[in-house]
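Letter by letter, the chains look like this.
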Amino acid sequence: MPNESESTEWQEQLSLYAFGLLDGAQAASVERRLTSEPLWQAELRALQDTLAALADPAPVPVGSAERLLERVRADREQSEPAQTPLVQSSPVPPAAPVAANLPLTAPTRSPYLGWLVAVALVAAVAAVLILPRLSSTPERQLAEYQTQPGAVSTPLTTQGGQSLGTAVRLKDGRAFVLLVADAPQGRAYQAWQVVGKAPASLGVFKGRSFLSAPLSGPVTLAVSVEPPSGSPQPTTTPILAQTL
Amino acid sequence: MNRMAGGDEAALSTLYGRYAPYLYGLGRRMLRQQDDVETCVQDAFFNAWKAAARFDPARASVKTWLVTIAHNRMLQALRDRPETGLDLEEWDAPTSAPDRIEQVIAQRAVDILGEPEKTLVVLAFYQGFSHSELKERTGLPLGSIKTYLRRALAQMRVHLETSVAPAMSTSPRSPNSSEGGQHDAE
């Protein structure tokens with residue numbers, strides 16, 4: 001059992017954690033201890049409930065619920081074109097929300113389905129093997145993304161105005177980033193999304209460009225130079241941090 | 001939450017009706033610009049919709065989970081426009097929020113605090129100041145800030161635990177009746 005002084009110190013750490021005031025390493029240390037001490041998990045939950053209670057109710061604008069549902073439906077429709085009958089026949093199950101909208105009965109088999117599948121497979125193979133070569137240079141990829149409907153390009157610069165590269169936010173929330181220079185020898189670029197006070201890794205990327213998964217709303221992206229295997233948290237000052 | 005994780009829009013609507021008032025209230029405190037509040041609340045519910053399958057009722061109530069998502073999103077919005085935010089002197093100003101018992105309780109939870117605890121809570125929670133920024137802003141040592149914040153949370157917790165029960169009996173339509181995770185499995 002910890003003595004009173006240790007207990008007070010731990011409670012202070014837990015309070016700071018609830019407020020989101022610990023840095024990545026400190027927060028990780030708290031989380032490690034919490035996993036083995038259920039009583040403190042309950043204590044943390046009580047602290048978080050206390051902070052959540054500081055959200056006092058206010059009027060909700062008329063039509064806001066409908067706007068949310070429209071957004072959800074638009075997002076669903078955007079992901080549905082990939083969920084064609086050909087995809088349904090693949091061994092990979094669709095995501096649960098999409099599956100909920102799919103018909104439960106199998107579609108009637110067309111006599112031409114075999115040919116259609118064959119053509120589609122050839123097209124898919126071509127897409128996998130040939131298209132990447134056609135658009136193999138990151139500059140060409142950048143140009144392609146920039147011309148997509150709804151894409152927004154943002155120049156990336158240092159505070160002194162020196163160009164670092166270009167970022168493109170796509171309509172579906174993905175972000176493509178192309179940097180002007182390679183990472184230093186023996187090092188790699190690692191992308192981060194700044195969420196709250198802590199950067200969350202988006203992964204290490206080879207070369208000078210990366211394409212993120214769809215990200216919701218305005219996001220702050222950062223890039224730092226890390227070991228080739230990446231780091232749990234940035235170990236160098238990010239070369240850029242840009243809100244897209 | 002299970003229904004929402006399965007893509008049930010009606011479940012999302014129910015959740016929105018129940019908890020959106022709290023997120024708008026939080027947004028008004030933190031952002032004060034209605035357009036930004038609307039954007040952040042919409043983003044919070046949209047993110048919750050996408051992440052519903054990962055919700056763990058053992059770790060947080062639905063309300064706490066949603067408030068945490070919205071709080072993080074609003075802090076990001078504040079950082080995107082650092083020149084604005086909630087001025088401390090505005091904290092005590094009355095708002096146009098409806099006269100609901102939960103609103104009174106939430107405000108009193110901060111109002112019961114003395115100084116510097118109240119200032120620290122407002123700066124840390126509503127304005128997202130970091131530990132070092134709190135030190136810079138208040139001139140207090142880091143160790144003292146830790147102590148004051150722990151005390152503030154403890155005082156507010158006791159206040160809320162002793163206030164909510166009587167308030168609930170006078171407010172049968174209180175959204176706080178959903179606290180404690182009773183609706184987590186919905």
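The structure we're discussing is the one just above.
Here the structure is a predicted model, which is why all the values come from computation and not from measurement.

Caption draft 1: Main features of the overall build of chain B. Along chain B, the regular secondary structure elements total eight helices and zero strands. Along chain B, from the amino end to the carboxyl end, the secondary structure elements read α-α-α-α-α-α-α-α. Residue burial in chain B is summarised as follows: out of 186 residues, 54% are buried. Across chain B, every contact between residues at least 6 apart in sequence was considered, and the portion connecting residues at least 24 apart equals 70%.

Caption draft 2: Summary view of the overall build of chain A. Along chain A, the regular secondary structure elements total nine helices and eight strands. Of all 244 residues assigned to chain A, the portion counted as buried reaches 33%. Taking the intrachain contacts of chain A between residues at least 6 apart in sequence as the baseline, contacts between residues at least 24 apart amount to 51%. For chain A, the exposed surface amounts to about 14100 Å²; the carbon and sulfur share of it is 60%.

Caption draft 3: Highlighting the packing of aromatic side chains. Tallied over the entire structure, the rule returns five aromatic pairs over all chains. When the centroid spacing of 4.7 Å and the interplanar angle of 40° are considered together, the rings of A:Tyr145 and A:Phe176 count as tilted. Residue A:Tyr145 is located in helix 9 (residues 138-146), and its partner A:Phe176 is located in strand 3 (residues 175-179); the two are separated by 31 residues in the primary sequence. Under the relative-accessibility criterion, A:Tyr145 is labelled buried at 15%. Residue class for A:Phe176 comes out buried when judged on its relative accessible area of 2%. The ring of B:Phe46 has A:Arg71 lying over it, and the distance from NZ or CZ to the ring centre is 4.2 Å. Of note, B:Lys63 hangs over the ring of B:Tyr22, and the distance from its end group to the ring centre comes to 4.1 Å.

Caption draft 4: Structural detail: the pattern of salt bridges. The final tally for this structure, using the stated rule, is 17 salt bridges over all chains. A salt bridge links A:Arg33 to A:Glu37, with the nearest nitrogen and oxygen atoms 3.0 Å apart. For A:Arg33, a relative accessible area of 28% gives the class partly exposed. Linking A:Glu43 and B:Arg157 is a salt bridge whose minimum nitrogen-to-oxygen distance equals 2.8 Å. In this pair, A:Glu43 sits in helix 3 (residues 38-52) while B:Arg157 sits in helix 8 (residues 142-170), so the two residues belong to two different chains. On the accessibility criterion, A:Glu43 (19% relative accessible area) is buried. Residue classification places B:Arg157 among the partly exposed positions, given a relative accessible area of 21%.

Caption draft 5: Broad picture of the sheet that holds strand 8 (residues 240-243) of chain A. Residue and element names in this part refer to chain A. With antiparallel pairing, four strands are arranged side by side in an open sheet as 5-4-7-8. Bordering the open sheet on either side are strand 5 (198-205) and strand 8, each of which pairs with just one other strand. Within this sheet the neighbouring strands show an average axis-to-axis angle of 25°, counted without direction. Note: strand 4 (residues 188-195) against strand 7 (residues 220-226), six bridges, orientation antiparallel.

Caption draft 6: Structural detail: the sheet that holds strand 6 (residues 209-211) of chain A. Residues and elements named next belong to chain A. Strand order across the open sheet formed by four strands is 1-2-3-6, with antiparallel pairing between neighbours. The outermost strands of the open sheet, each flanked by one partner alone, are strand 1 (152-157) and strand 6. This sheet shows a mean twist of 15° between the axes of neighbouring strands, independent of strand direction. Here strand 1 pairs with strand 2 (residues 163-169) via six bridges, running antiparallel. Across the sheet, Thr154 pairs through a bridge with Ala167, a residue of strand 2. The strands touched by helix 9 are strand 1, strand 2, strand 3 and strand 6; relative to strand 3, the strand with the most contacts, the crossing angle is about 145°.

Rules and cut-offs
Residues numbered from 1 in each chain as written. Chains lettered and ligands numbered in written order. Predicted model: local features only at pLDDT ≥ 70, side-chain atom pairs only at ≥ 80, totals over all residues. Heavy atoms only, no water. Helix = DSSP H or I, 4+ residues; strand = E, 2+ residues; numbered from the N terminus. Buried < 20%, exposed > 50% of the residue type's maximum accessible area, 1.4 Å probe, protein only. Contact = heavy atoms within 4.5 Å. Areas by Shrake-Rupley, 256 points an atom, 1.4 Å probe, with all protein chains shown as cover. Phe/Tyr/Trp six-rings, centres within 6.5 Å; stacked < 30°, edge-to-face > 60°. Lys NZ or Arg CZ within 6 Å of the ring centre and 35° of its normal. Salt bridge = Lys/Arg side-chain N within 4 Å of Asp/Glu carboxyl O. Pairing = 2+ DSSP bridges. Axes fitted to C-alpha atoms, helices over the stretch in contact; angles between N-to-C directions.

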